[in-house]
Amino acid sequence: MNTVLLFLLCSLIWGSTWFAITFQLGVNSLWSVFYRFLLAAVMLAVYCCLRTGFPRLTVSQHFRLFVQGACLCGISYWLVYESERYITSGLVAVLSTSVLYFNVIIRRLWLAKPVEAKIVAGGILASAGVLLLMLPKLDAQTLIGSAGRGVLEAILASLLLSFGCVACERNEEDNLPMLPTVTLNMFYGSATVAFIALVQGIMPEFSLSSAYIGSLVYLAVFGSVGALSSYVLLIRRIGAHRAAFIDVVYPVIALCLSSLMESYQWSLIALLGVTFIGAGNLVALKSSKTDSEGRLSENQN
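Residues numbered from 1 in each chain as written. Predicted model: local features only at pLDDT ≥ 70, side-chain atom pairs only at ≥ 80, totals over all residues. Heavy atoms only, no water.

Right, let's get into the confidence of the model for the protein. Here the protein shows a mean pLDDT of 83. Residues at 70 or above account for 89%. Long-range and interchain partners of residues 292-301, a stretch whose pLDDT sits below 50, account for 6 contacts in this model, where long-range means more than four residues apart. (pLDDT = per-residue confidence, 0-100. Contact = heavy atoms within 4.5 Å.)

Shown next as structure tokens:
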């Protein structure tokens with residue numbers, strides 16, 4: 001699939017999942033994340049068994065995939081679910097854009113990747129847009145009390161997600177097939193949150209309500225199998241630092257839904273923020289296109 005289409009697919013789907021997550025909050029968030037990724041992993045595992053099979057991996061490869069899965073498909077999502085107990089899904093989506101900056105820093109420290117000028121420029125524009133979007137939400141109630149807890153959980157979720165994204169880029173060096181790798185990530189992520197729940201003495205629970213089951217299926221099929229698989233493929237193509245610009249786009253979609261479902265009020269400043277976000281992404285996508293052509297040339301040589 002075309003890189004731009006992958007980018008748009010992830011943005012549109014994840015922009016809607018922030019609202020779908022609110023229907024999962026009636027069940028302990030650890031078990032909700034467990035069910036989501038276990039269901040997604042089972043579906044992908046069936047497909048892999050029928051079409052591609054699973055490669056034989058070393059212990060070190062399994063360990064790296066475990067770290068990637070625990071961060072990318074486990075703990076970070078649990079923290080996102082928890083944060084939505086205290087703040088609106090739109091604000092959680094906005095705060096998640098911090099993964100863009102975490103990715104740049106972690107890639108530099110962990111993989112010794114250079115920081116590209118175009119990515120920095122795009123990030124500055126996008127961060128200005130995010131700041132403008134957040135201004136209506138930055139009041140005393142947001143920064144103290146239970147709302148403050150939600151903000152901290154959302155930012156910590158972004159940090160762990162960034163570790164998972166950069167780990168994905170590191171694991172790409174082993175040239176492992178994508179879908180079996182994503183399947184193992186989901187299994188490891190679901191196992192991690194189940195272990196955390198059991199250690200805390202939280203026994204499995206489930207809701208038979210149509211809202212819970214419907215949102216669970218949507219999140220597993222579209223949010224995990226569809227969008228997450230596309231996101232991993234995007235990281236493989238353009239790197240975690242550029243793929244992270246998705247986290248600047250889909251909050252706009254989430255806020256549109258939040259305005260319909262949670263009474264989010266748009267303002268001129270917020271609309272100006274959307275403009276800055278669009279400009280930042282144009283810079284990033286242009287950089288991504290250039291880099292992709294360079295990689296293609298290297299492969300042909």
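Back to the text.
Trp-14, Met-186, Leu-228, Tyr-231 and Ile-246 are the most contacted members of the largest nonpolar core, which has 81 residues in total. Per-element tally for this core: the top contributor is helix 10 (residues 210-238), with 11 residues. If near-sequence neighbours (up to four positions away) are discounted, Ile-246 is found in contact with Phe-7, Cys-10, Ser-11, Trp-14, Tyr-231, Leu-234 and Pro-251. (Core = buried A, V, L, I, M, F, W, Y, C linked by side-chain atoms within 4.5 Å. Buried < 20%, exposed > 50% of the residue type's maximum accessible area, 1.4 Å probe, protein only. Helix = DSSP H or I, 4+ residues; strand = E, 2+ residues; numbered from the N terminus.)

The next thing to look at is a nonpolar patch on the surface. A grouping of Leu-39, Met-43, Phe-206, Leu-208, Ile-213 and Val-217 is seen on the molecular surface, where their side chains present a nonpolar patch of about 520 Å² in accessible area. Broken down by secondary-structure element, the contributors of at least two residues to the nonpolar patch are helix 2 (29-51) and helix 10. Note on placement: Val-217 falls in helix 10. Given the relative accessible area of 40%, Val-217 is considered partly exposed. (Patch = residues over 30% accessible without salt bridge, like charges linked within 9 Å, V, L, I, M, F, W, Y side chains within 5 Å. Areas by Shrake-Rupley, 256 points an atom, 1.4 Å probe, with all protein chains shown as cover. Salt bridge = Lys/Arg side-chain N within 4 Å of Asp/Glu carboxyl O.)

What follows deals with the pattern of salt bridges. Pairs can form between side chains of opposite charge once their charged atoms are near each other. Tallied over the full model, the rule gives 3 salt bridges. In this structure, Arg-242 engages Glu-116 in a salt bridge whose closest nitrogen and oxygen atoms are separated by 2.2 Å. Here the residue Arg-242 occupies a position in helix 11 (residues 240-243), and Glu-116 occupies one in the loop between helix 5 (99-111) and helix 6 (117-134), the gap between them amounting to 126 residues. Here Arg-149 and Glu-153 are joined by a salt bridge, their closest N and O atoms 3.2 Å apart.

Let us now look at helix 9 (residues 178-199). Two residues of an α-helix separated by three or four positions point the same way, owing to the 3.6 residues in each turn. Given a rise of 1.5 Å per residue, 22 residues ought to cover 32 Å, and the 32 Å separating the end C-alpha atoms of helix 9 matches this to within 8%. Positive phi appears at Gly-201, one or two residues downstream of helix 9, with a value of about 80°. (Expected span 1.5 Å × (residues − 1).)

Two elements in contact, helix 5 and helix 6, have axes separated by 11 Å at closest approach and are oriented at 155°. Overall, the two elements helix 5 and helix 6 adopt an arrangement that is roughly antiparallel. As helix 5 packs across helix 6, the resulting crossing turns out to be left-handed. In this structure, helix 5 contributes Leu-100, Tyr-101 and Val-104 to the contact, and helix 6 contributes Ile-119, Gly-123, Ala-126 and Ser-127. Per-class residue counts for the contact of helix 5 with helix 6 are 5 nonpolar, 2 polar and no charged. (Axes fitted to C-alpha atoms, helices over the stretch in contact; angles between N-to-C directions. Parallel < 35°, antiparallel > 145°, perpendicular 65-115°, else oblique. Left-handed = near helix turned anticlockwise from the far one by under 90°. Nonpolar A, V, L, I, M, F, W, Y, C, P; charged D, E, K, R; others polar.)

Note on placement: Gln-68 falls in helix 3 (residues 59-83). Once residues lying within four places of it in the same chain are set aside, the contact partners of Gln-68 are Cys-73, Gly-164, Ala-167, Cys-168, Asn-171 and Asn-185.

Attention now goes to helix 6. The terminal C-alpha atoms of helix 6, which comprises 18 residues, lie 25 Å apart, in line with the 26 Å expected from a rise of 1.5 Å per residue. Within helix 6 the residues assigned to the buried category are Ile-119, Gly-122, Gly-123, Ala-126, Gly-129, Val-130, Leu-132, Leu-133 and Met-134.

Bringing unusual backbone geometry into the picture now. Peptide bonds are mostly trans, and most non-glycine residues show a negative phi. For Ala-112, which is not glycine, the phi torsion reads 60° and is therefore positive. Within the secondary structure, Ala-112 is located in the loop between helix 5 and helix 6. On the basis of relative accessible area, Ala-112 is assigned to the exposed category, the value being 55%.

Once that is clear, we can look at the packing of aromatic side chains. Taken as a whole and assessed by the stated rule, the structure comprises 9 aromatic pairs. Aromatic pair Phe-206 and Tyr-212: ring centres 5.3 Å apart, planes at 85°, arrangement edge-to-face. For Phe-206, a relative accessible area of 42% translates into the label partly exposed. Members of the aromatic cluster, joined through ring pairs, are Trp-31, Phe-34, Tyr-35, Phe-206 and Tyr-212. (Phe/Tyr/Trp six-rings, centres within 6.5 Å; stacked < 30°, edge-to-face > 60°.)

This paragraph deals with the side chain of His-241. Along the polypeptide, His-241 turns up in helix 11. Side-chain polar atoms of His-241 contact the side chain of Glu-116, separated by 3.4 Å. Those residues in contact with His-241 that sit more than four places away from it in its chain are Leu-100, Asn-103, Val-104, Arg-107, Glu-116 and Ile-119. (Polar contact = N/O pair within 3.5 Å; in protein donor to acceptor, adjacent residues only side chain to side chain.)

For the pair helix 9 and helix 10, the least separation of the axes is 10 Å and the interaxial angle reads 120°. Judged by the inter-axis angle, helix 9 sits oblique to helix 10. Of the two possible hands of crossing, helix 9 and helix 10 adopt the one that is right-handed. The segment helix 9 lies against helix 10, with Met-178, Leu-179, Thr-181, Val-182 and Met-186 engaging Ser-224, Val-225, Leu-228, Ser-229, Val-232, Leu-233 and Arg-236.

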